[in-house]
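Listed below, chain by chain, are the residues.
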Amino acid sequence: MTDDVLSESPLDEAAPAGQAGTAGAVNPAEPATPAEPDASGRGRRLPVTDVSLVVLIGTSGAGKSSFARKHFLPTQVISSDFCRGLVADDENDQSASSEAFDVLHYIVGKRLAAGRLTVVDATNVQQEARKQLVRIARDHDVLPIAIVLDIPPGVCAERNKTRPDRQLPAHVIPRQNRELRRSLRGLEREGFRKVHILRGEAEVESAEIVPEKRFNDLRHLTGPFDIVGDIHGCRSELETLLTRLGYTLTRDAVNRPVDAVHPQGRTAVFVGDLVDRGPDTPGVLRLVMGMVAAGHAICVPGNHENKLGRAMDGKKVTVSHGLQESLDQLAGESEEFRAEVRAFMRGLISHYLLDGGALVVCHAGLPEKYHGRASGRVRSHALYGDTTGETDEYGLPVRYPWAEEYRGRALVVYGHTPVPMASFLNNTICLDTGCVFGGSLTALRYPERELVGVEAEREWYEPVRPMLTDAPGSREGRPLDLADVAGRRVVETTLHGRVAVREENAAAALEVMSRFAIDPRLLAYLPPTMAPSATSRRSGYLEHPEEAFFAYREDGVQQVICEEKHMGSRAVVLVARDDTALEKRFGIAGPGAIWTRTGRAFLSDDELTSAVLGRVRAAAERSGLFEELGTGWLLLDAELMPWSLKAVELLRRQYAAVGAAAGAALPPVLSVLEQAAGRGLDVAGLTARQRQRAADAQAFVEAYRRYCWPTEGLSGIRLAPFQVLAAEGANLAVRPHDEHLAWADRLVEADHAGGTDSDDGGDGSRTPILHRTGRLLVDTTDEASVAAGIAWWEELTGAGGEGMVVKPLASLVRGKAGEGRPGGLVQPGVKVRGREYLRIIYGPDYTEYLDQLRQRFLGHKRSLALREYALGLEALDRLAAGEPLWRVHEPVFAVLALESEPVDPRL
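Residues numbered from 1 in each chain as written. Predicted model: local features only at pLDDT ≥ 70, side-chain atom pairs only at ≥ 80, totals over all residues. Heavy atoms only, no water.

## Some points on the overall build of the chain
Part 1 of the reasoning: The helix and strand inventory of the chain stands at 29 helices and 34 strands.
Part 2 of the reasoning: Relative to the globule expectation of 29 Å for 907 residues, the C-alpha radius of gyration of the chain, 37 Å, shows a markedly less compact shape.
Part 3 of the reasoning: Dimensions of the chain along its principal axes, counting C-alpha atoms only, are 130 × 80 × 50 Å.
Part 4 of the reasoning: Looking at the chain residue by residue over its 907 residues, the buried ones come to 54%.
Part 5 of the reasoning: Long-range contacts, defined here as pairs at least 24 residues apart, represent 72% of the contacts in the chain between residues at least 6 apart. (Helix = DSSP H or I, 4+ residues; strand = E, 2+ residues; numbered from the N terminus. Rg over C-alpha atoms; globule rule 2.2 N^0.38 Å. Buried < 20%, exposed > 50% of the residue type's maximum accessible area, 1.4 Å probe, protein only. Contact = heavy atoms within 4.5 Å.)

Printed below as a string of structure tokens:
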């Protein structure tokens, strides 16, 4: 009898060959006959797996309830009598048995789903009753264990007589005993993986339950680990990788590697597919088996080990996918070595839980519901994964993308499906980087989450499917796909839950993204829209800072930073330390890129773009930011000026046209009115009205002209960085704003300090282009501080400035709940625009219609700002975590799609 699986699939939890030091004590197969007491004089020892379904079997009066109370926790035992009482208020009401067992099965299922040891206390002498319990165990991938209390019928009858609450008819116990006798020999065939039979009162009384861990439960091992991807017979590359990881190789008398040990006690973990296709399968096995036997490594099986093992055992298998190479290579080894290989592969466990359950290692990946479970289904998924039933253009099965839906706590590390580059996805990572196909052999250092790789020495085996294509994202094994963005989409964010994108909005974004956006490999972030402050009730004002300060105070935000709003356009700047720095993360070389809020290249002139990036690069180098942040690239949020640099056509066609029309029409009107007044007509009111219109039109022209000035090359361009969004491996956008502004100041100072002509892209200009962002810290609970903030805004806007943006100093803030507030994300920033700037937005004479304009509705705009903010941070989180392009692109695309939602564009 084995102690491993629930189905006819290959054995899953067989004793691991050579791994007693890591997998715990190996449990012998449990005989279905009574055992003698051990040498210590103790009674029968009954091994019970920690997560399993224990089914007590025995006639009424056999002592099952007493046995359960003695050996298990009350919460672990589910009694049919108890469930009968739940549904009928009478534990002896046999008419309620059907409903009672429905309740029992439901509770058992819930406990097993939660990974709890569960004991069923019922007679269970009928095969049909046991069949349902075994099915529930199979459904939850746990081991069913039978404990039979075989007590003489006479003893059971006497015990029942002493129970005043239960008087059974005379025929019941003999009938149950006959059913029990018929059941004893077939319990294994019914699916029970342990069968413990206790015969007689003495054996029941002296029995001892011995809890045992599952073989896949190595949670006590906390590492550190070096997890190695699919090797496929590439022994030389494995030696190089282990050496690079710091291991010292041990060789035998003929110089073959037979072990490797790390001086700091690290443990190697192999994800399977050690064999087939490559040049030296025996050499890989000899090294890995030696490391496992010495306790320096752990290994799980791959589908290739499973197939090779069956072939070596003489089973009928289809010889394909490199199996023949392994068989031929092993034929040259000794019979003793081949026997060791067969034993090693038989003993491999499908997957392991490590580091307190925070790490799961398997070959083909494993959904969370299978972690730590034991069944043929679990083993099959761990070895082969799951497929959709379709085949691709190369005739290979299409794998079901389980990792895209994974949301588990444990990091799942696996291989099986070769990808050009390993990358994290939803707390999973595939380490099969196709070494045997000419790719690389990759290891993950855990818990550091650092990837270490060595290039393949050559292409040892031609892949059926090319490792790389020209499609964006293919190097991570998952190119961008129209299906990822078409139709209605829902994007899961860490900060704001699920964000929905309507189909029509996705269609609009797809049009922009496909026709106008920069290379999607570089488009790692789009800035969110920004909501204005609440509408002011002050006379003559539509927006005023006091509403912003009050709103943040109500949300529990004490410190806010007020930042000068520049006269330009929002720009995202990706700058590389050198022209090769972007290749590792973005898969494309070059100096970087500058793009708008809709993902378009900000500047149409590539040379000018390179010149601006060259200046930013030089400033970042001189300021030490690259070095300090340990990165080869920076992603910046900035304002690029003048506004006319991007919006010149808008200025000409919309704003300048209005100013020109007013300039052409109003002076003649005033002239005619003045003539009419000279003739004694009463046109004073009308004249005053037209003069006000003329003054408003002139103010309108002066307002937009402040945002326009000539530029030539770098001359006239100003870039005001105010936030460092991300660097290699880090989402910096959640850091406090004073840190960001300090970094920005260093960039500005470094740019103003000057440098060589080559720093400027070769144009020879030494005019600084980086511009400082003015700021003021305000305490929303201090009246004097609030007054100072208002005065600063009045000073900025009085001098013709656009206004300011008010942000929580801590950047990422959740508001306090209460008073109908859910306590969700606080607005990351609100804009407070000046009176004169708002003429550009609402029209020259907007101040005459303030009462109507105050009826504006901000709810949708605020909601949009929060959703886009959460999506932007989600994109940066995924970028920092090294997730593939399609995952980073998903929230970026969603931001662009939300921009087409119908919102008043003046807000």
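## Things to note about the environment of tyrosine 352
Part 1 of the reasoning: Tracing the chain through its elements places tyrosine 352 in strand β14 (residues 351–354).
Part 2 of the reasoning: By relative accessible area, tyrosine 352 is classed as buried at 1%.
Part 3 of the reasoning: Between the C-alpha atom of tyrosine 352 and that of proline 397, which follows or precedes it by 45 residues, the distance is 26 Å.

## Topic: the pairing of strand β6 (residues 194–199)
Part 1 of the reasoning: Extensive coverage of β6 is indicated by the burial of 5 of its 6 residues.
Part 2 of the reasoning: Relative to β6, strand β5 (residues 143–150) runs parallel, the two sharing 6 bridges. Bridging across to β6, aspartate 150 finds its partner in arginine 199. (Pairing = 2+ DSSP bridges.)

## A closer look at unusual backbone geometry
Part 1 of the reasoning: Note that the residue after glycine 223, namely proline 224, is joined by a cis bond; omega there is 5 degrees.
Part 2 of the reasoning: Within the secondary structure, proline 224 sits in the loop between β8 (217–218) and β9 (225–228).
Part 3 of the reasoning: Between methionine 641 and the following residue, proline 642, the backbone shows a cis peptide bond with an omega angle of 5 degrees.
Part 4 of the reasoning: We note that asparagine 427 has phi near 65 degrees; this positive angle belongs to a residue other than glycine.

## Here's the deal with the sheet that holds strand β32 (residues 775–779)
Part 1 of the reasoning: The strand order across the open sheet built from 5 strands is β25-β34-β33-β26-β32, with neighbouring strands paired in mixed fashion. Edge strands, defined here as strands with exactly one partner in the open sheet, are β25 (531–532) and β32.
Part 2 of the reasoning: Bridge analysis of strand β26 (residues 559–565) against β32 gives 5 bridges, and the strand direction is antiparallel. Note on β32: the bridge partner recorded for glutamate 563 is arginine 775.
Part 3 of the reasoning: Against the sheet, helix α24 (residues 737–752) engages β26, β32 and β33 (803–808), with an angle of about 35 degrees to β26. (Axes fitted to C-alpha atoms, helices over the stretch in contact; angles between N-to-C directions.)

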